[in-house]
Amino acid sequence: MNPPNVIEIDNLDFRFDNGPRVLEAVSLSVADGDFASVIGPNGGGKTTLIKLILGLFTPTSGRIRVFGTTPLKARPRIGYMPQHAMMDPRFPVRALDVVMMGRLGRGLTLGSYRATDRRAALDALAQAGLEEAGGTAFSDLSGGQRQRVLLARALVTDPDMLVLDEPAAGLDQKVERDFFDLLKDLNQKLTVILVSHDLGFVATFVRTVICVHRRVDVHPTAELDGRLVSEIYGGEVRMVHHHHRLEP
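Conventions adopted
- Residues numbered from 1 in each chain as written.
- Predicted model: local features only at pLDDT ≥ 70, side-chain atom pairs only at ≥ 80, totals over all residues.
- Heavy atoms only, no water.
- Salt bridge = Lys/Arg side-chain N within 4 Å of Asp/Glu carboxyl O.
- Helix = DSSP H or I, 4+ residues; strand = E, 2+ residues; numbered from the N terminus.
- Buried < 20%, exposed > 50% of the residue type's maximum accessible area, 1.4 Å probe, protein only.
- Pairing = 2+ DSSP bridges.
- Axes fitted to C-alpha atoms, helices over the stretch in contact; angles between N-to-C directions.
- Contact = heavy atoms within 4.5 Å.
- Expected span 1.5 Å × (residues − 1).
- Arc of directions from axis to C-beta.
- Phe/Tyr/Trp six-rings, centres within 6.5 Å; stacked < 30°, edge-to-face > 60°.
- Lys NZ or Arg CZ within 6 Å of the ring centre and 35° of its normal.
- Parallel < 35°, antiparallel > 145°, perpendicular 65-115°, else oblique.
- Left-handed = near helix turned anticlockwise from the far one by under 90°.
- pLDDT = per-residue confidence, 0-100.

On inspection of all chains with the given rule, the structure shows ten salt bridges. Between Arg103 and Asp117 there is a salt bridge; the shortest N-O distance is 2.8 Å. One end of the pair, Arg103, is in the loop between α3 (95–100) and α4 (115–127); the other, Asp117, is in helix α4, and 14 residues separate them in sequence. Each member of the pair, Arg103 as well as Asp117, is classed as buried. In this structure, a network of salt bridges that share partners links the residues Asp13, Arg21, Glu24, Arg214 and Arg215.

Below, the discussion takes up the sheet that holds strand β3 (residues 35–39). Here we have six strands laid out as an open sheet, ordered β5-β6-β7-β3-β8-β9, and mixed in their pairing. Strands with a single pairing partner mark the edges of an open sheet, and in this sheet they are β5 (78–81) and β9 (215–220). On average, adjacent strands in this sheet sit at an angle of 15 degrees to one another, irrespective of strand direction. Pairing analysis gives four bridges linking β3 to strand β7 (residues 191–195), with the strands arranged parallel. From the neighbouring strand, Val38 faces β7, where its bridge partner is Val195. Its contacts with the sheet place helix α6 (residues 173–186) against β3, β5, β6 (161–165) and β7, and it is angled at close to 150 degrees to β7.

The next subject is α4. For α4, built from 13 residues, the straight-helix expectation of 18 Å at 1.5 Å per residue is met to within 8% by its first-to-last C-alpha distance of 19 Å. For α4, every residue scored as buried is listed here: Asp117, Ala120, Ala121, Ala124 and Leu125. One side of α4 holds all its buried residues, which, seen down the axis, span an arc of 140 degrees. Exposed and oriented more than 90 degrees from the buried face of α4 are Ala115 and Arg119. If you follow the buried residues of α4, they end up packed against α3 and α5 (143–155). Once α4 ends, the next one or two residues include Gly129, with phi positive near 80 degrees.

Looking now at the packing of aromatic side chains. Counted according to the given criterion, the structure contains four aromatic pairs. Pairing Phe14 with Phe16 gives two aromatic rings, centres 4.9 Å apart and planes at 85 degrees, and the pair type is edge-to-face. Classification of Phe16 by relative accessible area gives partly exposed; the value is 42%. With centroids separated by 5.5 Å and ring planes inclined at 90 degrees, the aromatic side chains of Phe16 and Phe57 adopt a geometry described as edge-to-face. Taken together, the positions of Phe16 in the loop between β1 (5–15) and β2 (21–31) and Phe57 in the loop between α1 (46–53) and β4 (61–66) put the pair 41 residues apart, joining distant regions of the chain. Owing to a relative accessible area of 21%, Phe57 belongs among the partly exposed residues under this scheme. A connected cluster of aromatic rings, assembled from ring pairs, spans Phe14, Phe16 and Phe57. Above the plane of the ring of Phe67 lies Arg77, whose end atom (NZ or CZ) is 3.9 Å from the centre. Directly above the aromatic system of Phe138 lies the positively charged group of Arg146, at a separation of 5.7 Å from the ring centroid.

Before going further, it helps to examine the packing of α4 against α5. Put simply, α4 and α5 touch, their axes get as near as 8 Å, and they point 130 degrees apart. With respect to α5, the axis of α4 lies oblique. Regarding α4 and α5, the two cross each other, and that crossing is right-handed. Where α4 abuts α5, its residues Ala124, Leu125 and Gln127 lie against Val149, Ala152 and Leu155.

What follows covers the confidence of the model for the protein. Confidence along the protein averages 85 in pLDDT terms, with 83% of residues attaining 70 or more. Predicted confidence is poor over residues 236–248, with pLDDT under 50, and the contacts of this stretch with residues over four places away or in other chains come to 36 contacts.

This is how it looks when you write it as structure tokens:
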């Protein structure tokens, strides 16, 4: 039996006000437990698609369901890691405090955390491989450690799905691979959807590729080759990463 779909989108269009369509005639489904990457050129609609899934945007037309309901109602079941955290790394805050911020919005205000919130944050740090870092100042962490803290913040509400926007941007290759290995482990119990420009890693880790260039096509990773990528990005593209190469 095939797993149920956690995301179902049917004939969706989106535009800002009266502007041109950013997304057109989008239909796709994401199965429970999938590990999917959203790829496409800059301005192609990747971030817009993610914001529609999160309920931050409303479709101009068409239908979107997440966990069988509206994206807004489904949002508590989603852990989101944005591309750019709105946080000055010099701000004097501990890693544990950053993670506990993910518990806000559940009747809590900053500083009103309960013992259960602290336990959840410690557990999320452990899932992210940073068990001993809770008391460390966020500013003292490496770039890779900061990304793991932000991942723990997305995990602290015990979500059923992770959505990540360029989670490994700016990381060196070894740290990036370790981070994706962690996501692969988390995928054993969570659906994972991420936006990435690192197509070599897409082919190495994920099972499904969601290609966005105003319209959307979905392919198994096995179908991701140079010809397909050239069609998506509009030109000859070569991908070389960790001995993985796709030729047009």
